[in-house]
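Listed below are the residues making up each chain.
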Amino acid sequence: MSETSACPLCTGGGGRLVFASKLFRVIHAEEAGFPAFYRVVWNAHVAEWSDLSAEERALCMEAVAEVERAMRETLSPTKVNLAALGNVVPHLHWHVIGRFEDDSHFPAPIWAAPLRARNLDREAVSKQSLAALEAELVQRLRARSL
Ligand SMILES: [Zn+2]
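What counts, and at which threshold
- Every chain is numbered on its own, with residues counted from 1 as its sequence reads.
- Per-residue local features of the predicted model are confined to residues with pLDDT of at least 70, and side-chain atom pairs are confined, for both listing and counting, to 80 or more; whole-chain, interface and lining totals are unaffected and use all residues.
- Processing note: side-chain calculations cover all non-hydrogen atoms of the structure and skip hydrogens and water entirely.
- A pocket here means an open set of points on a 1 Å grid, computed over the protein atoms alone, that has protein on both sides within 12 Å along at least five of seven lines. A cavity is instead a set of points where a 1.4 Å probe fits but cannot get out; residues with an atom within 4 Å of a point line either one.
- Grid points are joined across faces, edges and corners, and a volume is the space filled by probe spheres set on the points.
- What counts as a helix is a DSSP run of H or I of at least four residues, what counts as a strand is a run of E of at least two, and both are numbered from the N terminus.
- Water is absent from the atoms considered, so a metal site may look incomplete; donors are defined as N, O and S atoms within 2.8 Å of the metal, or 3.2 Å for Na, K and Ca.
- Angle rules define the geometry names used: all angles between 85 and 135 degrees makes four donors tetrahedral, while opposite donors over 155 degrees apart and all other angles between 65 and 115 make four donors square planar and six octahedral, leaving every other case irregular.
- Type-normalised accessible area, obtained with a 1.4 Å probe on protein chains alone, sets the label of each residue: buried when under 20%, exposed when over 50%, and partly exposed for intermediate values.
- Any residue outside Ala, Val, Leu, Ile, Met, Phe, Trp, Tyr, Cys, Pro, Asp, Glu, Lys and Arg is labelled polar, Gly included; the first ten of those are nonpolar and the last four are charged.
- When DSSP finds at least two bridges between two strands, those strands are taken to pair.
- Here an angle of 0 to 180 degrees is reported between the N-to-C directions of two axes, which are lines fitted to C-alpha atoms, with helices fitted over the stretch in contact.
- Take the buried Ala, Val, Leu, Ile, Met, Phe, Trp, Tyr and Cys residues and link them wherever side-chain atoms come within 4.5 Å; each set so joined is a nonpolar core.
- Every residue pair with non-hydrogen atoms within 4.5 Å of one another is taken to be in contact.
- Our angle categories are set so that under 35 degrees counts as roughly parallel, over 145 as roughly antiparallel, 65 to 115 as roughly perpendicular, and the remainder as oblique.
- Two helices cross in a left-handed way if the nearer one is turned anticlockwise from the farther one by less than a right angle. They cross in a right-handed way if the turn is clockwise.

K.L.:
Tell me what's going on with empty space enclosed by the protein, and back it up with residues and numbers.
P.N.:
Summed over all chains, the structure comprises one cavity of 30 Å³ or more. By volume, the largest cavity is sized at about 90 Å³. What lines the largest cavity is a set of 14 residues, and nearest its centre among them are Gly33, Pro35, Asp103, Arg122 and Glu123. A total of three residues in the lining of the largest cavity trace back to one element, the largest contributor, which is helix α3 (residues 120-128).

Structure representation (structure tokens):
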């Protein structure tokens, strides 16, 4: 795999580490305005989803699903957005983003132009639940040996 020395997901963690396994890690993205924003990062430097084997894809998708489940259970977001873009950092990672109808961009994607001001009260409520979300997530991933 080329260009790993220039890749921020090879040279750094990419965010606050929540869970690490041999093949992937889960990080909190620490993006302003979206407190319930996690990424499932494949540890090896691959650009495209189809670079993984069928078994690897299944494992990665289950990890994404467990982030979503833990998020739904602890935060009850209006919607969970899943995205794998990689246009800026072509190292495979899934975005798992809890969305609320009163967040700054809803119902547009978080990468679109904002539609309203940030709801700091909502963000504070979400932030208070992140520790519970992450404890639930780690327990789920360990229980499934993902
Ligand atoms: Zn990389």
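K.L.:
Kindly report on the coordination of the zinc ion, identifying the contributing residues and their values.
P.N.:
Angles at a metal have ideal values that depend on geometry: 109.5 degrees with four tetrahedral donors, 90 or 180 degrees with six octahedral donors. Of the protein atoms, only Cys7 (SG), Cys10 (SG), His45 (ND1) and His91 (ND1) coordinate the zinc ion, at distances of 1.9 to 2.3 Å. Each of the four donor atoms bound to the zinc ion contributes to angles spanning 104 to 119°, and the resulting shape is tetrahedral. The exposure class of Cys7 is buried, given its relative accessible area of 4%.

K.L.:
Describe the layout of surface pockets, and please don't skip the residues or the numbers.
P.N.:
The computed volume of the largest pocket comes to approximately 320 Å³. Lining the largest pocket we find 17 residues, and of these Glu31, Arg39, His93, His95 and Trp111 sit closest to its centre. Elements that contribute at least two residues to the lining of the largest pocket include exactly α1 (8-11), β3 (37-42) and β5 (93-99). For the lining of the largest pocket, the residue count by class is 10 nonpolar, five polar and two charged.

K.L.:
Describe the sheet that holds β5, naming the residues involved and giving the relevant values.
P.N.:
Reading across the sheet, the five strands line up as β1-β2-β3-β5-β4 and stay open at both edges, with antiparallel pairing between neighbours. In this open sheet, the two edge strands, each paired with only one partner strand, are β1 (16-20) and β4 (79-83). Each neighbouring strand pair of the sheet contributes to a mean axis angle of 20°, computed without reference to strand direction. Taken together, the five bridges between β3 and β5 define a ladder with antiparallel strand orientation. Each bridged residue has a counterpart across the sheet, and for Val41 the counterpart in β5 is His93.

K.L.:
Quick one: what's the story with the nonpolar core, residue by residue and with numbers?
P.N.:
Ranked by size, the top nonpolar core spans 28 residues in total, and within it Phe24, Val26, Tyr38, Val40, Val67, Met71 and Leu141 carry the most contacts. For this core, the secondary structure elements donating two or more residues are β1, β2 (24-28), β3, α2 (54-75), β5 and α4 (130-143). At seven residues, the largest contribution of residues to this core is made by α2. Not counting residues up to four positions away in its chain, the partners in contact with Val67 are Val26, Tyr38, Val40, Val96 and Leu137.

K.L.:
So what's going on with the packing of α2 against α4? Which residues, and what values?
P.N.:
Their axes nearest at 9 Å, the elements α2 and α4 cross at an angle of 140°. Here α4 runs oblique to α2, going by the angle between their axes. Considering how the two elements wind past one another, α2 and α4 form a crossing that is right-handed. Counted together, Ala63, Glu66, Val67, Arg69, Ala70, Met71, Glu73, Thr74 and Leu75 of α2 and Leu130, Ala132, Leu133, Glu136, Leu137, Arg140 and Leu141 of α4 form the full contact between these two elements.

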